[in-house]
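Each chain, written out:
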Amino acid sequence: ASLFVWIVLEICLKKHDCTRPLLHKVVGTLVVAVLLIPVPLSRVHLKDHSWLQVGIGCLIGAFEGAAWYFLLNKVLQPYLDRRVHPP
């Protein structure tokens, strides 16, 4: 779930992607969903985890993915931009 949330936020919220049409963002999100949604479902199907474990893991992963996105884009990127392109 963390990878899914992080990729969706990258697709939908990146500043430099303002010119990308909404259709491209929707298609990108759907492709990521088709590739990553089967992972937790397979965990239940293989009886490695219960639905409750998968649900809680998805919630934790969603939080981690959002936190990683905001850490990279709001904290580290401005710092790295200043280091690469000094005034």
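Everything discussed here concerns the structure shown above.
We now turn to the structure provided with this report. Just so you know, these numbers come straight off a predicted model, no measurement behind them.

### Looking at the packing of helix H1 (residues 2-13) against helix H2 (residues 22-36)
For step 1, the next point in the chain: In contact at an axis separation of 9 Å, H1 and H2 are set at 170° when each is read in the N-to-C sense. As summarised for this structure, H1 and H2 are arranged roughly antiparallel, according to the angle between their axes. Side by side, H1 and H2 meet where Leu3, Phe4, Ile7, Val8, Ile11 and Cys12 of the first sit next to Lys25, Gly28, Thr29, Val32, Ala33 and Leu36 of the second.
For step 2, the next point in the chain: Considered class by class, the residues forming the contact of H1 with H2 number 9 nonpolar, 2 polar and 1 charged.

### Comments concerning the packing of aromatic side chains
The description of an aromatic ring pair rests on the distance of the ring centres and on the angle between the ring planes.
For step 1, the next point in the chain: This model, assessed by the stated rule, comprises 1 aromatic pair.
For step 2, the next point in the chain: Their ring planes at 85° and their centres at 5.1 Å tell us that tyrosine 69 and phenylalanine 70 sit as a pair that is edge-to-face.
For step 3, the next point in the chain: Given the relative accessible area of 3%, tyrosine 69 is considered buried.
For step 4, the next point in the chain: The exposure class of phenylalanine 70 is partly exposed, given its relative accessible area of 39%.

### Topic: H1
For step 1, the next point in the chain: The first and last C-alpha atoms of H1 sit 16 Å apart over 12 residues, in line with the 16 Å expected at 1.5 Å per residue.
For step 2, the next point in the chain: Within H1, burial applies to Val5, Val8, Leu9, Glu10 and Ile11.
For step 3, the next point in the chain: Next to the buried residues of H1 lie H2 and helix H4 (51-84).

### Looking at the environment of phenylalanine 63
For step 1, the next point in the chain: Summarising the element assignment, phenylalanine 63 is placed in helix H4.
For step 2, the next point in the chain: Once the C-alpha coordinates of phenylalanine 63 and serine 2 are considered, the two residues, 61 residues apart in sequence, prove to be 7.0 Å apart.

The rules we used
- Residues numbered from 1 in each chain as written.
- Predicted model: local features only at pLDDT ≥ 70, side-chain atom pairs only at ≥ 80, totals over all residues.
- Heavy atoms only, no water.
- Axes fitted to C-alpha atoms, helices over the stretch in contact; angles between N-to-C directions.
- Helix = DSSP H or I, 4+ residues; strand = E, 2+ residues; numbered from the N terminus.
- Parallel < 35°, antiparallel > 145°, perpendicular 65-115°, else oblique.
- Contact = heavy atoms within 4.5 Å.
- Nonpolar A, V, L, I, M, F, W, Y, C, P; charged D, E, K, R; others polar.
- Phe/Tyr/Trp six-rings, centres within 6.5 Å; stacked < 30°, edge-to-face > 60°.
- Buried < 20%, exposed > 50% of the residue type's maximum accessible area, 1.4 Å probe, protein only.
- Expected span 1.5 Å × (residues − 1).

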